[in-house]
Amino acid sequence: MGMVGLRVAVFLDGGYLSYVLRDEFDSLRIDYERLVAAMVGEDRLVRAYYYNCLPYHGPCPSDEERQRLEAAQRFHGVLRRLRRFDVREGVLAFRGVDQATGRAIFEQKKVDVMLATDLVSLAIKGRIDRAVLCTGDSDVLPAVEAAKAEGVVVHLWHGRQVHQDLWERVDERTLLTADMVRRWRLGDEAEAVGEDNG
């Protein structure tokens with residue numbers, strides 16, 4: 001027996017999804033409309049939310065930093081124009097330099113809080129029956145528990161790296177596989193709808 005007609009909201013942690021696409025699927029670029037359609041299935045999409053930070057750029061950005069920022073802004077603009085799609089932008093905070101690699105360390109700020117706030121708000125207002133999350137972060141666990149307490153079924157779509165507590169506490173789970181991701185591969189005709197994960 002299916003859940004046809006349930007109201008569904010999709011919550012995509014863009015940083016996590018980019019990491020999964022890069023490390024597990026050779027930076028394959030995907031069509032986000034197709035991804036969300038697969039997550040919703042035969043149910044009704046209320047809204048899809050994409051959470052991420054724009055790339056860091058210093059006070060005097062290099063050409064490379066400027067290009068990365070412009071590409072991310074274009075991508076977020078494309079997502080905002082998709083049907084029932086919202087983009088929520090957090091902030092990247094510089095946290096120093098890794099002594100071993102010499103690479104800059106950045107931390108996302110506000111992303112988990114925005115995701116949690118949207119999830120709890122929709123659940124408490126009775127606007128959704130099912131929440132589909134694509135994240136690996138246990139910081140959203142209190143929001144997951146609050147949504148479940150309101151009767152919302154929480155479904156996690158995830159890569160191989162996911163926090164065990166989150167995986168155990170959701171109602172349903174879907175591991176992203178190569179076959180699934182290939183179906184959402186960005187075609188040449190829709191080049192603008194995918195993200196450059198490189």
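Residues numbered from 1 in each chain as written. Predicted model: local features only at pLDDT ≥ 70, side-chain atom pairs only at ≥ 80, totals over all residues. Heavy atoms only, no water.

Participant: In this structure, what is going on with the pairing of strand E1 (residues 7-13)? I would like to understand it.
Facilitator: A regular strand places its side chains so that they alternate between the two faces of the sheet. Of all seven residues in E1, six are buried; the element is thus mostly enclosed. Sheet topology places E1 next to strand E2 (residues 44-53); seven bridges connect them, and they run parallel. By the bridge assignment for E2, Phe 11 is matched with Tyr 49. By the bridge criterion, five bridges tie E1 to strand E5 (residues 130-134) in an arrangement that is parallel. (Buried < 20%, exposed > 50% of the residue type's maximum accessible area, 1.4 Å probe, protein only. Helix = DSSP H or I, 4+ residues; strand = E, 2+ residues; numbered from the N terminus. Pairing = 2+ DSSP bridges.)

Participant: Any chance you could explain the pattern of salt bridges here in plain terms?
Facilitator: If the charged atoms of two oppositely charged side chains come close together, the side chains can form a pair. Here the structure, examined in full by the defined rule, presents 13 salt bridges. Asp 31 is paired through a salt bridge with Arg 34; the nearest N and O atoms lie 3.5 Å apart. Among the residues examined, Asp 31 registers a relative accessible area of 6% and is labelled buried. By relative accessible area, Arg 34 is classed as partly exposed at 32%. Residue Asp 63 pairs with Arg 66 through a salt bridge whose shortest N-O separation is 2.6 Å. Residue Asp 63 and its partner Arg 66 are both found in helix H3 (residues 63-80); the two are separated by three residues, about one turn of the helix. Judged by relative accessible area, which is 37%, Arg 66 ranks as partly exposed. Residues joined by salt bridges that share partners form a network here, namely Arg 47, Asp 86, Arg 88 and Asp 118. (Salt bridge = Lys/Arg side-chain N within 4 Å of Asp/Glu carboxyl O.)

Participant: Is there a simple way to think about the packing of aromatic side chains in this case?
Facilitator: Each aromatic ring pair is summarised here by two numbers: the centre-to-centre distance and the angle between the ring planes. The tally for this structure, following the rule as stated, stands at seven aromatic pairs. Taking 5.9 Å as the distance between ring centres and 85 degrees as the angle between the ring planes, the aromatic pair formed by Tyr 32 and Tyr 50 counts as edge-to-face. With Tyr 32 in helix H2 (residues 32-40) and Tyr 50 in strand E2, this pair connects stretches of sequence that are 18 residues apart. Both residues of the pair, Tyr 32 and Tyr 50, belong to the buried class. Their ring planes at 40 degrees and their centres at 6.1 Å tell us that Trp 157 and Trp 184 sit as a pair that is tilted. Here Trp 157 is found in strand E6 (residues 153-158), whereas its partner Trp 184 is found in the segment after helix H7 (178-183), with 27 residues between them in sequence. (Phe/Tyr/Trp six-rings, centres within 6.5 Å; stacked < 30°, edge-to-face > 60°.)

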